[in-house]
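# Summary of structural features
Below are the chains, spelled out letter by letter.
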Number of protein chains: 2
Amino acid sequence: MSTGAGTIWGVGLGPGDPDLMSVRADRLVRGAGHVAFFRKAGRPGRARTIVDRMLRDDVREIAMEYPVTTEIALDDPGYAACLSGFYAEVSERLRDLALSGEDIIVLCEGDPFFYGSFMHLYTRLKDDVPVRVVPAITGMSAAWTATGIPVTWGDDALYVLLGTMPQAELTRRMTDADAIVVMKVGRNLPKVRNALQAAGKIDRAWLVECASMAEERAVPLSEAGDQPVPYFSIVIVHGQGRRP
Amino acid sequence: MSTGAGTIWGVGLGPGDPDLMSVRADRLVRGAGHVAFFRKAGRPGRARTIVDRMLRDDVREIAMEYPVTTEIALDDPGYAACLSGFYAEVSERLRDLALSGEDIIVLCEGDPFFYGSFMHLYTRLKDDVPVRVVPAITGMSAAWTATGIPVTWGDDALYVLLGTMPQAELTRRMTDADAIVVMKVGRNLPKVRNALQAAGKIDRAWLVECASMAEERAVPLSEAGDQPVPYFSIVIVHGQGRRP
């Protein structure tokens, strides 16, 4: 580990409302000389948007643009190779900047170590330069709060699943769970519905879009309609455990 | 719902480090005229301790002291009856205060809707007076951050389990999980170890005590020794999913 190197901070920004950032994240973002963030090419970037009114006038910005997102299937070997090259390239750029003595704040949606893209930089950088991580409120916490119903009681087992899982796997895991969170619902919503139906839990499910943001919408899934929902939508099934 | 009533805020304080409170929680706590918090009789209270240096000089404090904690077994009917009476009593006290026009900040460790005691007040109060909830960083987020290893990759399914579950149930659920969080480990640690062993995952498990606090300790479970650990200790098994 180089001495004199700057620190790369993976700073969790939470679910989207800047008021839900931690005091530490708020301070780090406002003081940042360099911020780096992932985004789709041609988009402003979700993480960058959260901190829109918080950055110093003289901040230097590093936009890390995903080379592919949904154009290639997740299980295509070309997908992993393409992303791997991308992560190696941006890691090298951040490493060089840190080695020159600069601190860098990497803006992370949600919690950095919970299904976050920052993890792919972290594993490539942590042995070379100082890397620190600031945990954050997860999107799922904002989602269950938005439903107005506590998610886990007593000894409820909570299973966090992904809408990208095969339907049979979703059904099996949903059947066994007391409380359920399904992340990355988006265009997987019909499959998630089918799995909930097969698991006998569709009547208890809620759909939450844009938790904590101005566009927040939390409704029982049975009232959600059939229109497309954002990629980061979350489905919640609340636990029914012990409650005195 | 009464008009002119004050609001009861369930404010999540996060894992313990005040610097990890949300900006919203920080502002609400510093401005509070009334704070309420749970504690064991004769103890300062964990939630109250987190905000030690943040309260107004003229704040009024409501200590809600659990009538029983570990003296009665969880599955003893007397336990639920005793706690039920307690929650009804403190809810009435907070309701009366809110109906008199006062706002009340209820200090909640972790995230209020995630295995929190506040939930028992929430269900008793939400139809009578305005109740709002501020989500927070969970203890488990602070715990996996403390291990220095990301918890979930790609399509990993994360199961959140309780140390209080029967060993066979723990084993079954652990076997099926990609990533695992076990909450409320405490004196259940030997049982949790046995379940991890039976599930073939003990070599990947970490033990985290006092995540985010001065006493934080995060070690591979195999190096943790046999001494007693705090009730709120957390065991983590990291996922090993897709990583480009």
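What comes next concerns the included structure.

Cut-offs and rules
Residues numbered from 1 in each chain as written. Chains lettered and ligands numbered in written order. Predicted model: local features only at pLDDT ≥ 70, side-chain atom pairs only at ≥ 80, totals over all residues. Heavy atoms only, no water. Pairing = 2+ DSSP bridges. Helix = DSSP H or I, 4+ residues; strand = E, 2+ residues; numbered from the N terminus. Axes fitted to C-alpha atoms, helices over the stretch in contact; angles between N-to-C directions. Buried < 20%, exposed > 50% of the residue type's maximum accessible area, 1.4 Å probe, protein only. Polar contact = N/O pair within 3.5 Å; in protein donor to acceptor, adjacent residues only side chain to side chain. Contact = heavy atoms within 4.5 Å. Buried area = accessible area lost by both parts, 1.4 Å probe. Salt bridge = Lys/Arg side-chain N within 4 Å of Asp/Glu carboxyl O.

On to the sheet that holds strand E3 (residues 60-66) of chain A, then. All names here are of chain A. Read from one edge of the open sheet, 5 strands run E3-E2-E4-E1-E5, paired in parallel fashion. Across the chains shown, the open sheet's two edge strands, defined by having one partner strand only, are E3 and strand E5 (131-134). The mean inter-strand angle of the sheet, taken between neighbouring strand axes irrespective of direction, is 25°. In terms of strand pairing, strand E2 (residues 34-40) meets strand E4 (residues 104-108) through 3 bridges, oriented parallel. Across the sheet, the residue bridging to Phe-37 is Leu-107, located in E4.

The subject of this paragraph is the side chain of Thr-147 of chain B. Residues and elements named next belong to chain B. In this fold, Thr-147 is placed in helix H5 (residues 139-147). Its relative accessible area of 7% is what places Thr-147 among the buried residues. A polar contact is formed between the side chain of Thr-147 and the side chain of His-238, at a distance of 2.8 Å. The residues touching Thr-147, leaving out its near neighbours within four places in the chain, are Trp-206, Val-208, Ala-218 and His-238.

Residue and element names in this part refer to chain A. With respect to the element layout, Glu-209 can be found in strand E8 (residues 205-209). A relative accessible area of 11% places Glu-209 in the buried class. There is a polar contact of 2.7 Å between the side chain of Glu-209 and the side chain of Arg-217. Beyond its immediate sequence surroundings of up to four residues, Glu-209 is in contact with Glu-215, Glu-216, Arg-217, Val-229, Pro-230 and Ser-233.

Contacts between chain A and chain B engage 61 residues on the former and 61 residues on the latter. Summed over the three residues of chain A that lose the most area to chain B, namely Asp-19, Phe-113 and Pro-244 of chain A, the buried surface amounts to 14% of that side. Viewed at the interface, chain B and chain A are joined by 12 salt bridges. Taking the shortest distance from any N to any O, the salt bridge between Asp-176 of chain A and Arg-173 of chain B comes out at 3.6 Å. Listing elements by their share of the side of chain A that touches chain B, those giving two or more residues are helix H1 (23-31), helix H3 (77-99), helix H4 (118-125), E5, helix H5 (139-147), strand E6 (158-162) and helix H6 (167-176) of chain A.

Strand order in the open sheet formed by 10 strands is E9(A)-E8(A)-E10(A)-E7(A)-E6(A)-E6(B)-E7(B)-E10(B)-E8(B)-E9(B), with mixed pairing between adjacent strands. Taken across any chain shown, the strands that pair with only one partner, and hence form the sheet edges, are strand E9 (217-220) of chain A together with strand E9 (217-220) of chain B. Geometrically, the sheet is characterised by an average inter-axis angle of 15° between neighbouring strands, direction not taken into account. Relative to strand E7 (residues 179-183) of chain A, E6 of chain A runs parallel, the two sharing 5 bridges. For Tyr-159 of chain A, the partnering residue across the bridge sits in E7 of chain A and is Ile-180 of chain A.

Any two side chains of opposite charge can pair if their charged atoms end up close together. Residue and element names in this part refer to chain A. A complete count under the given rule lists 36 salt bridges over all chains for this structure. When the shortest N-O distance is used, the salt bridge between Arg-48 and Asp-52 registers 2.9 Å. We classify Arg-48 as buried; its relative accessible area is 15%. The shortest N-O distance in the salt bridge between Arg-242 and Asp-155 comes to 3.9 Å. Note that Arg-242 is positioned in the segment after strand E10 (234-237) and Asp-155 in the loop between H5 and E6, a separation of 87 residues in sequence. Residue Arg-242 is classed as partly exposed on the basis of its relative accessible area, which comes to 37%.

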